[in-house]
Amino acid sequence: MDVSELLDGLNDKQRDAVAAPLQNMLVLAGAGSGKTRVLVHRIAWLMQVEHASPYSIFAVTFTNKAAKEMRSRVEETISTSAGGMWIGTFHGLSHRILRAHHREANLPEAFQILDSDDQQRMIKRLLKAMNIDDKKWPPKQVSWYISAKKDEGLRPKDIKAYDMNEQMFLNIYTAYQDACDRAGLVDFAEILLRCYELLNTQPTLLRHYQQRFPHMLVDEFQDTNTIQYAWLKLLAGSGGNVMIVGDDDQSIYGWRGAKIENIRRFLSDFNAQTIRLEQNYRSTSTILKAANALIANNSERMGKSLWTDGNEGEPISIYAAYNELDEARFIVGKIRSWLNAGNALQDSAILYRNNAQSRILEEALLQEGLKYRIYGGMRFFERQEIKDALSYLRLIGNRQDDAAFERIINTPTRGIGDRTLSLVRDCARNESLPLWYAAKALIEQKHLTGRAASAITAFVNLIEQIEENIQELNLEEQAKYTINTSGLMAMYQAEKGEKGRARVENLEELINACGQFELPEEEEFASPLTGFLSYTALESGEGQAEEHEDAVQMMTLHSAKGLEFPLVFMAGVEEGMFPSQQSNEESGRLEEERRLCYVGMTRAMEKLYISHAETRRLYGQEKYHSPSRFLREIPEQCIEEIRIKTQVTRPQASNRFSSTMSHAAFEDTGFNLGQRVLHTKFGEGTVLNYEGTGAQSRIQVAFDDVGTKWLVTAYARLQSI
DNA sequence: AACGCCAATTTTTTT
DNA sequence: AATTGGCGTT
């Protein structure tokens, strides 16, 4: 590709970023401003103009999806393979370094990765062993504590406990780390911390990487946490060509340790130039105006204002639903009209604050016969049956893996009960042995009696026999053999119902995935099996069953980041839901909620609907929510409120008045517009019954008492609900 | 080991 | 409301 082609079709700011001289740079990239494009073209520019070798390029993202997209777009742009380039996630790249230097990192060659579920189970077992009440110190909270500390780069020795309570957390952290180290296991946060420590303590190694990668690029920088920042800084060394791309207004992972301040830190630590990408190629000017106004309510911003030379588009429609069913009905009705107008279903998305909201929406879509796809939730490699199977493979690859041992020792049931198991655990703890070797020792020393002994022996033999018999097989055959021989397949085949059938299918899919798996050539693994196991942990399998069917896209606001849709619905935009109950003024999380709202709004390309329900069933109780404060922060001229706006006429010198049902909100419901009703009482709270239609509205606000006209805003109340 | 009952618990999520 | 986990019973 010609150099000038790299700059073609870019705006001035994008060009400044792509063609900048070698320097540290912050690209403050607003939503929809073409940041991926800039990153990709910058990489191509480095290669073609600065003559950078692909081996010198290091690009970091947060998700596998983003990494994959970047790689394929780079390859598309430079028209050759991007092999040799390191493009990956923080965890993926750190993991790669750890594999290559596992000895220096004090890890066994076949070390494995704990996901958060494994981590919690591990902690739970530990609490039991340490005789700690898991009601007082819930495993979930403990794992949260440990991860948070690791994200801060803190080992137990670096932490001073403030009180007895924290001291307990600290003790568990210490014990947990000890257990992981002995079992050859690393959790997600450990991957980053361990890699950081490795580089920090091995100057030769660090220099090697620093020299190899003079060109670094980082995406979504606003989501970096403390350890990720430190890791980057270490790798960048004194080199002066780091490009970070981010948007402080889209920082929505503070609750997970992301530090928005890292952007400012980067500016001073790296003495970096700032380039702002503010031209938006996604949304209508109305949507941008609204989003800009909303986010302006946040303080401490880097400052940025999106603009477009595109159309004004339609106003943002705000629908005040009577309850969540009405809300769902409204959304589905609008999607139906959108579809009937000749649009594609997959171009519409429903966004919500929490996953629990999806159910009602689903039901409404189902009723209307509209296909939908829900993002998030249980991923492929996180499923119970898959984790069972993987645990067999893990234990075969590494006998020290206590987490895997615990999971499968009695799955399927083979007569190893709690009594026997606690003997094994005690022995393991007393002798500082992995559970596997403790079990073997107990058999050898004849500490186990008849039935328990034979059950354990059978298990030990099973694992050893599997290992022996799969030596000559390829990965797919290994998995197949293991799943069948272990009895897992038979166990799930015996499980009745839809669930059992699905699980068997998943196990088959796992075998299939093993066949499809290509071991990354450039990376160093003890065996293909180890490589596959790492892959399953780091890439939990979102793309496993990705069907590109035409369906309504449903997801939380968080998972919508980075995506765009012509038609977007934001549901449940109510106080207590969004901003959520726990992010009130005191918690200091309001600004992050506002950013989340900003993220949601800027997903919409053409039309945005925002809805809130007056009444909502939440945790089995009726809750009354007022519209979200965020709605008031949107300029009125960007908004069209869809409500039953009833115009009321008051005859002179009379208490009687009539009102007319006159709003589009009823269009899709089959009610008759223009229906009139007579009343004698009028005021806040008066219920208007539209006879024969089953519709009601309740007067919410009465104002403008001018002459014979009252302007009244009333909410719809549908009797069918 | 399978079943059933009771109690607790409810943001957001990637790796 | 609905799901999950723990515990006791068969």
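Residues numbered from 1 in each chain as written. Chains lettered and ligands numbered in written order. Predicted model: local features only at pLDDT ≥ 70, side-chain atom pairs only at ≥ 80, totals over all residues. Heavy atoms only, no water.

(A) Structural detail: the UniProt feature "domain: UvrD-like helicase ATP-binding" (unreviewed entry) in chain A. Mapped onto the present numbering, the UniProt feature "domain: UvrD-like helicase ATP-binding" (unreviewed entry) falls on residues 8–284. With 49% helix and 12% strand, the stretch residues 8–284 has end C-alpha atoms that lie 24 Å from each other. (UniProt positions renumbered as here; feature names shortened; annotations may be inferred. Helix = DSSP H or I, 4+ residues; strand = E, 2+ residues; numbered from the N terminus.)

(B) A look at the protein's contact with DNA strand B. In the vicinity of DNA strand B there are 27 residues, among which N64, R256, R353, R379 and T556 approach most closely. Considering the 4 Å shell around the protein, atoms of DNA strand B inside it are sugar or phosphate in 48% of instances. A distance of 2.3 Å separates a base oxygen of DNA strand B from a polar atom in the side chain of R353. With respect to DNA strand B, the side chain of R589 contributes an N or O atom lying 2.8 Å from a base oxygen. Split into classes, the residues belonging to the surface near DNA strand B amount to 6 nonpolar, 16 polar and 5 charged. (Near = heavy atom within 4 Å. Polar contact = N/O pair within 3.5 Å; in protein donor to acceptor, adjacent residues only side chain to side chain. Nonpolar A, V, L, I, M, F, W, Y, C, P; charged D, E, K, R; others polar.)

(C) Local environment of the pattern of salt bridges. Evaluated as defined, the whole model comprises 48 salt bridges. Between D223 and K561 there is a salt bridge, with the nearest N and O atoms lying 2.5 Å from each other. Of this pair, D223 sits in the loop between β6 (215–218) and α11 (226–236) while K561 is found in the loop between β12 (552–556) and β13 (565–570), placing the two residues 338 residues apart along the sequence. One exposure class covers both D223 and K561, and it is buried. For E464, the salt bridge goes to K440, with nearest N and O atoms at 2.7 Å. A residue pair is termed long-range when its members are at least 10 positions apart, and E464 in helix α20 (residues 450–470) and K440 in helix α19 (residues 435–444) qualify at 24 residues. Residue E464 is classed as partly exposed on the basis of its relative accessible area, which comes to 26%. Residue K440 is classed as partly exposed on the basis of its relative accessible area, which comes to 24%. (Salt bridge = Lys/Arg side-chain N within 4 Å of Asp/Glu carboxyl O. Buried < 20%, exposed > 50% of the residue type's maximum accessible area, 1.4 Å probe, protein only.)

(D) Structural view of the packing of helix α5 (residues 90–100) against α11. The contact between α5 and α11 brings their axes to 12 Å, and the two run at 55 degrees. In terms of orientation, α5 and α11 fall into the oblique class. Crossing of α5 against α11: the hand is left-handed. Residues F90, H91, L93 and S94 of α5 pack against Q228, W231 and L232 of α11. When the residues that make up the contact of α5 with α11 are grouped by side-chain class, the tally is 4 nonpolar, 3 polar and no charged. (Axes fitted to C-alpha atoms, helices over the stretch in contact; angles between N-to-C directions. Parallel < 35°, antiparallel > 145°, perpendicular 65-115°, else oblique. Left-handed = near helix turned anticlockwise from the far one by under 90°. Contact = heavy atoms within 4.5 Å.)

(E) Region of interest: the protein's contact with DNA strand C. Neighbouring DNA strand C are K124, R359, R617, Y619 and G620. Here DNA strand C approaches the protein such that, of its atoms within 4 Å, sugar and phosphate make up 71%. Within the side chain of K124, one N or O atom sits 2.3 Å away from a phosphate oxygen of DNA strand C. At a separation of 3.3 Å, a phosphate oxygen of DNA strand C approaches a polar side-chain atom of R617. In terms of residue class, the surface near DNA strand C is built from 1 nonpolar, 1 polar and 3 charged.

(F) A look at unusual backbone geometry. For the peptide bond that leads from T411 to P412, omega is -5 degrees, which places it in the cis range. Within the element layout of this structure, P412 appears in the loop between α17 (402–408) and α18 (418–431). Cis geometry is adopted by the peptide bond preceding P579, which originates at F578 and carries an omega value of 5 degrees. In this structure, P579 sits in the loop between β13 and α25 (590–601). In this structure, S432 is a non-glycine residue whose phi angle is positive, near 55 degrees. Its location among the elements puts S432 in the loop between α18 and α19.

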